[in-house]
Amino acid sequence: MNQKGFSLIELVIAIAIIGILAAVAVPAYQDNVKKGRRGDAQAALMGLAQAMERVFTEKGSYAWANGDATVITSSTPPSIFASEAPLDGSTKFYDLVVISANSSSYVVRAIPKNAQAGDGVIELSSTGERGWDRDNNGTIAASEACWAKVC
């Protein structure tokens, strides 16, 4: 008798192989999605930095980032730029804030939220210094003073 089809063992082996491939592929995909969202936040921080420079050119102080000359000493959403990233789309994964701003310097930060929560804050200063709290411990160490996976 000549039968066509798959045996139960062949089917179980095929399902096991698909499961193993999925177990490897899904985390890699999720990591790439997070990396892309982080890139959007970095671009938004660069846009906010450009807005800060325009304010400085017009007003002579970075403190005008919130609409008046008050010196910023804690997390303040900017009034001169978007307060969330990515700039387009409906789902936002980062809050953009001005950490500090005075007459001669500023620090801006992207704080992860929603599906990006736990990825660590991203920071940019008026001197061009960059930082990413990769270990998400609340501080940006010297070894985290860049936006790359490894500095």
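Preceding block: the structure.
The present account deals with the structure reproduced in this document. (Residues numbered from 1 in each chain as written. Predicted model: local features only at pLDDT ≥ 70, side-chain atom pairs only at ≥ 80, totals over all residues. Heavy atoms only, no water.)

1. Here we look at the overall build of the protein chain
Using the following cut-off: The secondary structure listing takes helices from DSSP runs of H or I that are at least 4 residues long and strands from runs of E that are at least 2 residues long, numbered from the N terminus. Radius of gyration here is computed from C-alpha atoms only, and the compact-globule reference equals 2.2 Å multiplied by the residue count raised to the power 0.38. Each residue is assigned to one of three classes by its accessible area relative to the maximum for its type, calculated with a 1.4 Å probe on protein chains only: buried under 20%, partly exposed between the two thresholds, exposed over 50%. What makes two residues a contact is simply this: any of their non-hydrogen atoms within 4.5 Å. With residues, only the protein chains shown are counted as cover, and all accessible areas are computed by Shrake-Rupley using a 1.4 Å probe.
Along the protein chain, the regular secondary structure elements total one helix and five strands. Mapped in sequence order, the helices and strands of the protein chain form the string α-β-β-β-β-β. Taken over C-alpha atoms, the radius of gyration comes to 23 Å for the protein chain, far larger than the 15 Å a tight globule of 151 residues would show. Expressed along its principal axes, the backbone C-alpha trace of the protein chain runs to roughly 90 × 35 × 20 Å. Looking at the 151 residues of the protein chain, the share that counts as buried comes to 31%. Summarising the internal contacts of the protein chain: among those between residues at least 6 apart in sequence, 36% fall at separations of at least 24. As displayed, the protein chain has an accessible area near 9100 Å², and 58% of this comes from carbon and sulfur atoms.

2. Brief notes about the pairing of strand S3 (residues 106-112)
The condition is simple: A pair of strands is treated as paired once DSSP finds two or more bridges between them.
Within S3, five of the seven residues are buried, leaving the element largely enclosed by the surrounding structure. Judged from the seven bridges that link them, strand S2 (residues 94-101) and S3 form a sheet pairing that is antiparallel. Within S3, the residue paired with Ser100 across the bridge is Val107.

3. Describing the environment of Pro86
With respect to the helices and strands, Pro86 occurs in the loop between strand S1 (84-85) and S2. Excluding anything up to four places from it in sequence, Pro86 contacts Asp40, Thr91, Lys92 and Phe93.

4. Notes on the side chain of Lys92
Convention followed: The charged-residue count follows a simple rule in which Lys and Arg add positive charge and Asp and Glu add negative charge, with His and chain termini not counted at all. By definition, a salt bridge exists where a carboxyl oxygen of Asp or Glu is found within 4 Å of a side-chain nitrogen of Lys or Arg. Pairs of N or O atoms are called polar contacts if they sit within 3.5 Å, as long as, within protein, a hydrogen donor faces a hydrogen acceptor (for residues adjacent in sequence, only side-chain-to-side-chain pairs).
Within the secondary structure layout, Lys92 lies in the loop between S1 and S2. Buried and unpaired, Lys92 has no salt bridge, with Glu84 as the nearest side chain of opposite charge at 5.6 Å. Separated by 3.5 Å, the side chain of Lys92 and the backbone oxygen of Leu87 make a polar contact. Here Gly89 takes part through its backbone oxygen, which lies 3.1 Å from a polar atom of the side chain of Lys92.

5. Focus: the nonpolar core
The condition is simple: In this text, buried Ala, Val, Leu, Ile, Met, Phe, Trp, Tyr and Cys residues form a nonpolar core when linked through side-chain atoms within 4.5 Å.
The biggest cluster of nonpolar side chains holds 22 residues, and the ones touching the most others in it are Leu45, Met52, Val108 and Ile122. Mapped onto this core, the elements with two or more residues apiece are helix H1 (8-59), S2, S3 and strand S4 (122-125). No other element matches H1, which puts six residues into this core.

6. Focus on the pairing of S2
For S2, a buried count of six out of eight residues is recorded, marking the element as mostly surrounded by other parts of the structure. Pairing between S1 and S2: two bridges, direction antiparallel. Along S2, the bridge assignment pairs Ala85 with Tyr94. Connecting the antiparallel pair S2 and S3 is a turn made up of four residues.

7. Considering the sheet that holds S4
Pairing in this open sheet of five strands is antiparallel, and the strands run S1-S2-S3-S4-S5 from one edge to the other. Looking along the sheet, the strands with just one partner apiece sit at the ends: S1 and strand S5 (130-132).

8. Examining the side chain of Ser125
Inspection of the secondary structure puts Ser125 in strand S4. Here the side chain of Ser125 touches Thr127 through a polar contact of 2.9 Å, side chain to side chain. Filtering out sequence-adjacent residues up to four positions away, Ser125 remains in contact with Tyr106 and Val107.

9. Description of H1
Operational definition: Multiply 1.5 Å by the residue count of a helix minus one, and that product is the helix's expected span.
Given a rise of 1.5 Å per residue, 52 residues ought to cover 76 Å, and the 75 Å separating the end C-alpha atoms of H1 matches this to within 8%. Arg38, Ala41, Gln42, Ala44, Leu45, Gly47, Leu48, Ala49, Ala51, Met52 and Val55 are the residues of H1 that are buried. Contact partners of the buried residues in H1: S1, S2, S3, S4 and S5. Note on H1: the residue one or two positions beyond its end, Gly60, has a positive phi of about 80 degrees.

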